[in-house]
2 protein chains.
Amino acid sequence: MPIPYDARGVTLDGPCLQSAGCKNVAPVLNRVGDKWSMLIVMILSSGPRRFSELKREIDGISQRMLTLSLRGLERDGLLTRTVTPTIPPRVDYELTELGISLRAPVKALGDWAIEHIGCIRAAQQRFDKVADARG
Amino acid sequence: MPIPYDARGVTLDGPCLQSAGCKNVAPVLNRVGDKWSMLIVMILSSGPRRFSELKREIDGISQRMLTLSLRGLERDGLLTRTVTPTIPPRVDYELTELGISLRAPVKALGDWAIEHIGCIRAAQQRFDKVADARG
DNA sequence: CGGAATCCCAGGAGATACTG
DNA sequence: CAGTATCTCCTGGGATTCCG
């Protein structure tokens, strides 16, 4: 069994063994936790979209943040950007295989969230109530 | 009296529309994407820890961020905080059932990350190379 | 020991204006 | 249409100090 590609350059020493895998997971978690990226992935999972279509579908996103989010996703290889140099220009965004494969774990997380959101909100309200009571 | 930590920062009533579950998922995604929270959950999944133990095990975290992360997780009902008023005081953190249940989907995401990190890094390098070539 | 309070700064993110 | 550029405001987060 060869050394996995993703194990290269990772120091396994240190007090926390999880931190080794963590260094790999962190950037992914960072993108997943991004305010817009996963929403974009979910929207694109139902088919490719143009820039303006995405902007219209994602309420509240600024043009700048949509551009930056799409660039980040493209850089990570999660989607492709296809420019059609017509006038006016047309740009289509589409998930790659990698992007599609991310749907499953993200959906798992989403399902967990939906299943437990009631429990979480209750905990938050209890917490805030106690915090308020103490000033 | 203002709420100190970003406790109330989780807006559950944002303008997130098309998929109704999105507004439920967003705050959870926010916590999962947090730089330290999931690492804390993973460490605590092997048993409860004291504050200073966590600080020692999590390389690079500041005292402030550890405190804030733990408060956020406690507020969400993912862990419990137990104070033992000895001198010097002792505080233990332990996952709740809810916190333990979060491990599975987070691990799924972590596994995906580890499995595809090579692919992602390659995509990033291709992207950066092209970007550099164009200045 | 386990925080809370304060200071301070880099980076994130909105608004606006311009361009191929 | 699909961006870039710039400006500015705001927040996250490190460092430090003080407290029960």
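Residues numbered from 1 in each chain as written. Chains lettered and ligands numbered in written order. Predicted model: local features only at pLDDT ≥ 70, side-chain atom pairs only at ≥ 80, totals over all residues. Heavy atoms only, no water.

Undergrad: Before we move on, can you summarise the protein's contact with DNA strand D with the specific residues and values?
TA: In the neighbourhood of DNA strand D, 16 residues make up the surrounding shell, with S52(A), Q63(A), R81(A), Y93(A) and S62(B) lying closest. The protein-proximal atoms of DNA strand D, defined as those within 4 Å of the protein, are 65% sugar or phosphate. Within the side chain of S62(B), a nitrogen or oxygen atom sits 2.6 Å from a phosphate oxygen of DNA strand D. The dominant element in the surface near DNA strand D, judged by the number of residues it contributes, is helix α4 (residues 63-75) of chain A, at 4 residues. When the residues that make up the surface near DNA strand D are grouped by side-chain class, the tally is 7 nonpolar, 4 polar and 5 charged. (Near = heavy atom within 4 Å. Polar contact = N/O pair within 3.5 Å; in protein donor to acceptor, adjacent residues only side chain to side chain. Helix = DSSP H or I, 4+ residues; strand = E, 2+ residues; numbered from the N terminus. Nonpolar A, V, L, I, M, F, W, Y, C, P; charged D, E, K, R; others polar.)

Undergrad: Talk me through the relation of the copies chain A and chain B; I want residue IDs and the actual numbers.
TA: Each copy superposes on the other: chain A lies on chain B with an RMSD of 0.2 Å after a rotation of 180 degrees and an axial shift of 0.1 Å. Read as a symmetry element, the transformation amounts to a two-fold axis. Among all residues of chain A, the minimum C-alpha distance to the rotation axis is found for G33(A), at 1.8 Å. Both copies contact each other with a shared surface, as 89% of the interface residues of chain A are interface residues in chain B too. (Least-squares fit on C-alpha atoms with pLDDT ≥ 70 in both. Contact = heavy atoms within 4.5 Å.)

Undergrad: For the sheet that holds strand β3 (residues 90-95) of chain A, give the residues involved together with the corresponding values.
TA: Note: strands within a sheet are paired through backbone hydrogen bonds, in either parallel or antiparallel orientation. All names here are of chain A. In space, the 3 strands of this open sheet follow the order β1-β3-β2, with antiparallel pairing throughout. Two strands bound the open sheet, and with one partner strand each, they are β1 (49-50) and β2 (79-84). Bridge count between β2 and β3: 6 bridges; the pairing is antiparallel. Residue T84 lies in a different strand from β3, and its bridge partner there is R90. Of the strands in this sheet, β2 and β3 are in contact with α4, which crosses β2 at around 115 degrees. (Pairing = 2+ DSSP bridges. Axes fitted to C-alpha atoms, helices over the stretch in contact; angles between N-to-C directions.)

Undergrad: So what's going on with empty space enclosed by the protein? Which residues, and what values?
TA: A full pass over the atoms with the stated rule returns 1 cavity of 30 Å³ or more. Around the largest cavity, the lining residues are W112(A), I117(A), I120(A), Q124(A), P27(B), V28(B), R31(B), V32(B), D76(B), L78(B) and L102(B). Each residue belonging to the lining of the largest cavity can be placed in one class, and the counts come to 8 nonpolar, 1 polar and 2 charged. (1 Å grid on protein atoms, 1.4 Å probe; cavity = no way out; pocket = protein on both sides within 12 Å on 5 of 7 lines; lining within 4 Å. Points joined across faces, edges and corners; volume = space filled by probe spheres on them.)

Undergrad: Explain the packing of helix α5 (residues 97-133) of chain A against helix α5 (residues 97-133) of chain B residue by residue, including any values.
TA: Between α5(A) and α5(B), whose axes approach to 10 Å, the crossing angle comes to 165 degrees. What the angle tells us is that α5(A) and α5(B) run roughly antiparallel. The chirality of how α5(A) crosses α5(B) is left-handed. Of the residues in α5(B), those touching α5(A) at L98(A), S101(A), L102(A), P105(A), V106(A), A108(A), L109(A), W112(A), H116(A), C119(A) and I120(A) are L98(B), S101(B), L102(B), P105(B), V106(B), A108(B), L109(B), W112(B), H116(B), C119(B) and I120(B). The residue inventory of the contact of α5(A) with α5(B), partitioned by class, reads 18 nonpolar, 4 polar and no charged. (Parallel < 35°, antiparallel > 145°, perpendicular 65-115°, else oblique. Left-handed = near helix turned anticlockwise from the far one by under 90°.)

Undergrad: Mind laying out the protein's contact with DNA strand C, listing which residues take part and the relevant values?
TA: Within the structure, DNA strand C sits among 16 residues, and M65(A), S52(B), Q63(B), R81(B) and Y93(B) are positioned closest to it. When the atoms of DNA strand C within 4 Å of the protein are grouped by moiety, sugar and phosphate amount to 65% of the total. For DNA strand C, a base nitrogen lies 2.9 Å from a polar atom in the side chain of R64(A). The separation between a phosphate oxygen of DNA strand C and a polar side-chain atom of S52(B) is 2.7 Å.

Undergrad: If you had to explain the interface of chain A and chain B to someone new, which residues and values would you point to?
TA: Counting residues at the interface gives 46 residues for chain A and 52 residues for chain B. For the chain A and chain B pair, buried surface summed over both sides reaches about 4500 Å², with 70% attributable to carbon and sulfur atoms. Three residues stand out in chain A for area buried against chain B, namely R75(A), W112(A) and F127(A), and they jointly supply 15% of the buried area on that side. One can count 2 salt bridges joining chain A with chain B. R75(A) serves as the salt-bridge partner of D128(B), at 2.7 Å between the closest nitrogen and oxygen. Scanning the region where chain A abuts chain B turns up 8 residue pairs in polar contact (both at pLDDT 80 or more). Elements with a minimum of two residues in the side of chain A that touches chain B: α1 (18-33), α2 (37-44), α4 and α5 of chain A. Top contributing element to the side of chain A that touches chain B by residue count: α5(A), with 21 residues. Its residues placed into classes, the side of chain A that touches chain B shows 26 nonpolar, 10 polar and 10 charged. (Buried area = accessible area lost by both parts, 1.4 Å probe. Salt bridge = Lys/Arg side-chain N within 4 Å of Asp/Glu carboxyl O.)

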